[in-house]
Amino acid sequence: MNKHIVFAICGCLFFIDGFSQTITIEESLDEIEQNNKELKGYQAFIESRELKNKSTNNLPDPQISGFYLPFGDNATGNYTEYQVSQSFEFPTVYAARGKWNDSKSKQLVSAYLKRRQEVLLKAKNILIEIAFLQKQKVIETKRRAQSKQVFDQIHKLFDKEQVGLLDLNKAKIAWIQEQFVVQQIESDIQIQLSKLKTLNGGKPVDSISPQIILPIKIGTVENLWQEKLSKEPALQELKLNEAASLQKIKLEENKGLPNLALGYNYQGVNGSNYSGFYGGISIPLWNSKNKVKAAEANYEYLQSTTEVITNSLNTQFQETYDRYELILRKYNEYQITMDNLNSEQLLFKAYQLGEYSFMDYYVELQFYRNASDKMLQMEKELQLLQAQLLKHQL
């Protein structure tokens, strides 16, 4: 029989799993990251956008134009002219646009990392839910077996006319209820596995361990927040948006310089012709008007947006951390009390010895089971809160 050993050491709770053919949450997340169709599609989207952005920094196509004028009253013969030219923006514009394209590529990668985090966090929450449903199933299966044992005992007593029909029916109802609980948990597990399969690109995820490691201490709120500032994709995206906007200002400033054109020109009639170099320059009067100011205004807006969103995320993070600390304290109190009680076993033994009637036993049993279930729910909530607090590590 598989056994699970629980140790509490230095403020951390470790579960040693007796199941050998299961995978950890981290292994499952690695698999989902590789198979998730949305993330695969987003990678292809990034590649296409990067190529499109690079294409905006190409030179325009060269131009060839010509004139052949055979009609008219003239003494010199037919007139011929052709010209080959290449127009281009001021050279510094291409350098500025190249840097802007680089900043947009970083924005695309940041957006991908943000979406990746959302997918993996959703998957991790599902994995945590499955793990706790499996733990709950183990508990409820034992309770179902115990309820069946109590029902069988009362049935024998009923056959000996030592208890009435009312006690027999109550014991049967308690047993049926436990059967339904196990069936409901099995159904819930299948629902969660179906969600996980969708995130895994339609492939089922291998057997998941019902025991997960719960590191109780996750660091101080100050250290975690500093870590988030440097790693959180949502915050990094804000900084990259600012950087891209600042580079846009430099690009618009350079686009205010004149465009240039160079080429070769030929003109001639019979016995007389001219050829040489062609050059042209634009006069930047209208095209760039107010574009620099618009880019500067957008940069100021993004700076303000970054500050507002960062403060909002910090408030949410602080609230989540405070809730985690509160539940952690309650969980530790529950754990110390429940570990010293062993109440269900003692209560069942007392019932077997005839010290409790069935109804007294059942009422007392529900009290201890509710406490045990409450502790399990607190443990799950701690895991979910911890996943939220540490999502920047995904």
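Cut-off values and rules
- The numbers attached to residues start from 1 for each chain and follow its sequence in the written order.
- Only residues with pLDDT of at least 70 are given local features in this predicted model, and only at 80 or more are side-chain atom pairs given and counted; all residues enter the totals for whole chains, interfaces and linings.
- Working from all heavy atoms in the structure, the side-chain values ignore hydrogens and water.
- Here a strand is any run of E in DSSP of at least two residues, a helix any run of H or I of at least four, and the numbering for each starts at the N terminus.
- Here the globule rule is a power law, 2.2 Å times the number of residues to the power 0.38, and the radius of gyration is based on C-alpha atoms.
- In this description, contact between two residues means that some pair of their heavy atoms is separated by no more than 4.5 Å.
- Residue exposure ignores everything except the shown protein chains as possible cover, and the areas themselves are Shrake-Rupley values with a 1.4 Å probe.
- When charges are counted, Lys and Arg contribute as positive and Asp and Glu as negative, whereas His and the chain ends are disregarded.
- Taken as the charge centre is NZ of Lys, CZ of Arg, CG of Asp or CD of Glu, depending on the residue.
- As used in this record, nonpolar core signifies buried Ala, Val, Leu, Ile, Met, Phe, Trp, Tyr and Cys residues forming a set joined through side-chain atoms within 4.5 Å.
- Three labels apply to residues, based on accessible area from a 1.4 Å probe with only protein chains included: buried if under 20% of the type maximum, exposed if over 50%, partly exposed otherwise in between.
- Only protein atoms enter the 1 Å grid, on which a cavity is a set of points fitting a 1.4 Å probe that cannot get out and a pocket is an open set with protein on both sides within 12 Å along at least 5 of 7 lines, lining residues being those with an atom within 4 Å of a point.
- Grid points are joined across faces, edges and corners, and a volume is the space filled by probe spheres set on the points.
- Side-chain classes are defined by residue name, with Ala, Val, Leu, Ile, Met, Phe, Trp, Tyr, Cys and Pro counting as nonpolar, Asp, Glu, Lys and Arg as charged, and the others, Gly among them, as polar.
- Note on method: axes are straight lines fitted to C-alpha atoms, helices fitted across the in-contact stretch only, with angles between N-to-C directions ranging 0 to 180 degrees.
- Throughout, the term roughly parallel applies to angles under 35 degrees, roughly antiparallel to angles over 145, roughly perpendicular to angles from 65 to 115, and oblique to all others.
- For Phe, Tyr and Trp, where Trp contributes only its six-membered ring, two rings pair if their centres lie within 6.5 Å, and the inter-plane angle classes them as stacked under 30 degrees, edge-to-face over 60, or tilted in between.
- At least two bridges found by DSSP between two strands are what make those strands a pair.
- Note: the arc covers the axis-to-C-beta directions of the helix.
- The pLDDT score gives, residue by residue, the confidence of the prediction method on a 0 to 100 scale.

**Student:** It is not clear to me how the overall build of the chain should be interpreted in this structure. Could you clarify?
**Tutor:** Counting secondary structure elements, the chain contains nine helices and six strands. Over its C-alpha trace the chain gives a radius of gyration of 37 Å, far above what one expects of a compact globule, namely 21 Å for 394 residues. Judged by the C-alpha coordinates and their principal axes, the chain covers about 140 × 45 × 35 Å. Counting only contacts in the chain whose residues sit at least 6 apart along the sequence, the fraction spanning at least 24 positions is 78%. Here the chain displays about 23,800 Å² of accessible surface, and carbon together with sulfur accounts for 55% of that area. Across the chain, the centroid of the 46 positively charged side chains sits 2 Å from that of the 47 negatively charged ones.

**Student:** For this particular structure, what's the right way to read the nonpolar core?
**Tutor:** A general feature of soluble globular proteins is that nonpolar side chains tend to end up buried together. Residues Leu 29, Ile 32, Ala 123, Leu 196 and Leu 199 are the most contacted members of the largest nonpolar core, which totals 21 residues. Breaking this core down by element, the ones donating at least two residues are helix 1 (25-35), helix 2 (37-55), helix 3 (91-159), helix 4 (165-199) and helix 9 (358-389). The leading source of residues in this core is helix 3, at 11 residues. Among the nonpolar cores identified, the runner-up in size contains 18 residues, and Leu 235, Ile 327, Met 375 and Leu 382 belong to it.

**Student:** Explain empty space enclosed by the protein to me, please; I cannot follow it from the model alone.
**Tutor:** Where empty space is left in the structure can be found by rolling a water-sized probe over the atoms. Summed over all chains, the structure comprises one cavity of 30 Å³ or more. Put simply, the largest cavity is a space of about 60 Å³. Considering the residues around the largest cavity, the lining is formed by Gln 146, Ser 147, Val 150, Ala 171, Ala 174, Phe 358, Tyr 361, Tyr 362, Leu 365 and Arg 369. In terms of residues, the lining of the largest cavity owes the most to one element, helix 9, which gives five residues. Tallied by class, residues from the lining of the largest cavity come to seven nonpolar, two polar and one charged.

**Student:** Honestly, the packing of helix 3 against helix 9 in this entry has me stumped. Any pointers?
**Tutor:** When two helices pack together, their arrangement is given by the angle between the helix axes and by the axis-to-axis distance. Relative orientation of the contacting elements helix 3 and helix 9 amounts to 170°, with a least axis distance of 10 Å. Put simply, helix 3 runs roughly antiparallel to helix 9. Here the residues of the contact of helix 3 with helix 9 are counted per class, giving 12 nonpolar, seven polar and nine charged.

**Student:** Is there a simple way to think about the packing of aromatic side chains in this case?
**Tutor:** Any aromatic ring pair is given by two values, namely how distant the centres are and how the planes are angled relative to each other. Evaluated as defined, the whole model comprises seven aromatic pairs. Relative to Tyr 321, the ring of Phe 317 lies with its centre 6.3 Å away and its plane at 35°, an arrangement referred to as tilted. Residue Phe 317 and its partner Tyr 321 are both found in helix 7 (residues 291-341); the two are separated by four residues, about one turn of the helix. No difference in accessibility class separates Phe 317 from Tyr 321, as the two residues are buried. Every member of this aromatic cluster is reached through a ring pair, and the members are Tyr 42, Phe 45 and Tyr 112.

**Student:** Please explain the sheet that holds strand 3 (residues 63-69) as it appears in this structure.
**Tutor:** Spatially, the four strands line up as an open sheet ordered 3-4-5-6, and their pairing is antiparallel. The open sheet is flanked by strand 3 and strand 6 (272-281), the only strands paired with a single partner. Averaged over all pairs of adjacent strands, the angle between their axes in this sheet comes to 10°, without regard to strand direction. Bridge count between strand 4 (residues 79-88) and strand 5 (residues 260-269): nine bridges; the pairing is antiparallel. By the bridge assignment, Val 84 is partnered in strand 5 with Tyr 264.

**Student:** Help me understand helix 5 (residues 221-231) in this model?
**Tutor:** Since one α-helical turn is 3.6 residues long, residues separated by three or four positions face the same way. Of all the residues in helix 5, the buried ones are Val 221, Leu 224, Trp 225 and Lys 228. Within helix 5, the buried residues cover an arc of 100° as seen down the axis, which keeps them to one side. In helix 5, those exposed residues whose orientation departs by more than 90 degrees from the buried face are Glu 222, Asn 223 and Gln 226.

**Student:** I tried to follow the pairing of strand 4 on my own but got confused; where do I start?
**Tutor:** Each regular strand carries side chains that alternate between the two faces of the sheet. As judged from the seven bridges shared by strand 3 and strand 4, these two strands associate in the antiparallel manner. What sits directly across from Phe 67, in strand 4, is Glu 81.

**Student:** Looking at this structure, how should I read the side chain of Glu 178?
**Tutor:** Positionally, Glu 178 belongs in helix 4. The class of Glu 178 is buried, set by a relative accessible area of 11%. When neighbours within four sequence positions are excluded, Glu 178 is seen to be in contact with Glu 140, Arg 143, Arg 144, Ser 147 and Arg 369.

**Student:** How should I be thinking about the packing of helix 2 against helix 3 in this particular structure?
**Tutor:** Direction vectors running N to C along helix 2 and helix 3 enclose 170°, while the axes themselves pass 10 Å from each other. Viewed along their axes, helix 2 and helix 3 adopt a mutual orientation that is roughly antiparallel. Here Glu 38, Leu 39, Tyr 42, Gln 43, Phe 45, Ile 46, Arg 49, Glu 50, Asn 53 and Lys 54 of helix 2 lie close against helix 3, whose contacting residues are Asn 101, Lys 104, Ser 105, Leu 108, Val 109, Ala 111, Tyr 112, Arg 115, Arg 116 and Val 119. Each residue belonging to the contact of helix 2 with helix 3 can be placed in one class, and the counts come to nine nonpolar, four polar and seven charged.

**Student:** I tried to follow the confidence of the model for the chain on my own but got confused; where do I start?
**Tutor:** Parts of the model with low pLDDT should not have their predicted coordinates read in detail. Chain-level pLDDT for the chain is 84 on average; 91% of the residues reach the 70-or-more range. Here strand 1 (residues 5-9) stands out as the least confident element of the chain, with mean pLDDT 31; helix 6 (residues 233-255) is the most confident, with 92. Scored below 50 in pLDDT, residues 1-21 shows 40 contacts in the model against residues more than four places distant or in partner chains.

**Student:** Sorry, what's going on with the environment of Leu 51 here?
**Tutor:** Checked against the element boundaries, Leu 51 lands in helix 2. For the pair formed by Leu 51 and Ala 297, sequence separation is 246 residues and the distance between their alpha carbons is 28 Å.

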